[in-house]
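Inside the fold
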Amino acid sequence: LSLVVPPFIRTMEQKCDSAHFQQIACFLIDLVQLVKEHIRVYLPDILKAMQPFWSTNQDLILRFIRTCSACFHSDFKLYLVYVLPHMLSILAEDSPEQKVKTTEIVHCLLNIVPSLDSHLNVVLPSILRFIENNQRFVKHQIEGVKCLRRIVHELDISLYTSQIIMPLLRILSSDYCDIVPEIM
């Protein structure tokens, strides 16, 4: 690994083009699946090097994050500091033109729930805002509810109960709430 990974990191840091980044990202995804936690030493540098490519290759970066999370399980929480701020800022910029991007972020959060326990104070408000702001986009709203449901079932949310209940009550009391079965 010491001979393979650093050159890829350096190439990404030198602002390679999008097509080249896609090849590197696919290779790194395959590599993580093969070596699993042995790539842990390089993960901070890989995630830092990927940051400039969020706007053009978000889907590949999210796939890389999901792959790492599946390999590291709850230990992936150590690396959330490199990706979570960017993910939540994209989620905060939710607009009708970006529904696909923001829903991909919510889906990725759904996959990394076991690692989110120490970040609930920032993740929960973002997900609840996403659910509340997408009342006209039921499909996207359902993705947010699925993520919230998994968080509630798998993590200790006792400190955040009122933060969760109030937005859900506002959603349920709205005139056109199509997600009552998902919330219940």
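Every value quoted in this text rests on a predicted model; they were computed, and no experiment measured them.

Rules used in this analysis
- Residues numbered from 1 in each chain as written.
- Predicted model: local features only at pLDDT ≥ 70, side-chain atom pairs only at ≥ 80, totals over all residues.
- Heavy atoms only, no water.
- Phe/Tyr/Trp six-rings, centres within 6.5 Å; stacked < 30°, edge-to-face > 60°.
- Buried < 20%, exposed > 50% of the residue type's maximum accessible area, 1.4 Å probe, protein only.
- Helix = DSSP H or I, 4+ residues; strand = E, 2+ residues; numbered from the N terminus.
- Expected span 1.5 Å × (residues − 1).
- pLDDT = per-residue confidence, 0-100.
- Salt bridge = Lys/Arg side-chain N within 4 Å of Asp/Glu carboxyl O.

With that settled, the discussion passes to the packing of aromatic side chains. For the structure shown, the criterion picks out four aromatic pairs. Between the aromatic rings of Phe 72 and Tyr 79, the centroid separation amounts to 5.9 Å while the plane-to-plane angle is 45°, which identifies the pairing as tilted. Its relative accessible area of 3% is what places Phe 72 among the buried residues. One aromatic cluster in this structure is built from Phe 72, Phe 76 and Tyr 79.

Spanning 17 residues, helix α8 (residues 138-154) covers 24 Å between terminal C-alpha atoms, matching the ideal 24 Å at 1.5 Å per step. Of the residues making up α8, those classed as buried are His 140, Gln 141, Ile 142, Glu 143, Gly 144, Val 145, Cys 147, Leu 148 and Ile 151.

Of note, Lys 36 is a non-glycine position whose phi angle comes to about 50°, a positive value. Following the sequence through the fold, Lys 36 ends up in the loop between α2 (18-35) and α3 (43-50). The class of Lys 36 is partly exposed, set by a relative accessible area of 37%. Phi angles above zero are rare outside glycine, and His 73 is one such case at about 60°.

As a further point, take the confidence of the model for the protein chain. For the protein chain, the mean per-residue pLDDT works out to 89, and 95% of the residues sit at or above 70. Mean pLDDT values over the elements of the protein chain span from 64, in helix α10 (residues 180-183), up to 96, in α3.

Should the charged atoms of two oppositely charged side chains come close, the side chains can pair. Evaluated as defined, the whole model comprises four salt bridges. Where Arg 170 meets Glu 132, a salt bridge forms, and the shortest distance between an N and an O atom there is 2.6 Å. Of this pair, Arg 170 sits in helix α9 (residues 161-172) while Glu 132 sits in helix α7 (residues 120-133); the two residues are 38 residues apart in sequence, bridging distant segments of the chain. Its relative accessible area of 22% is what places Glu 132 among the partly exposed residues.

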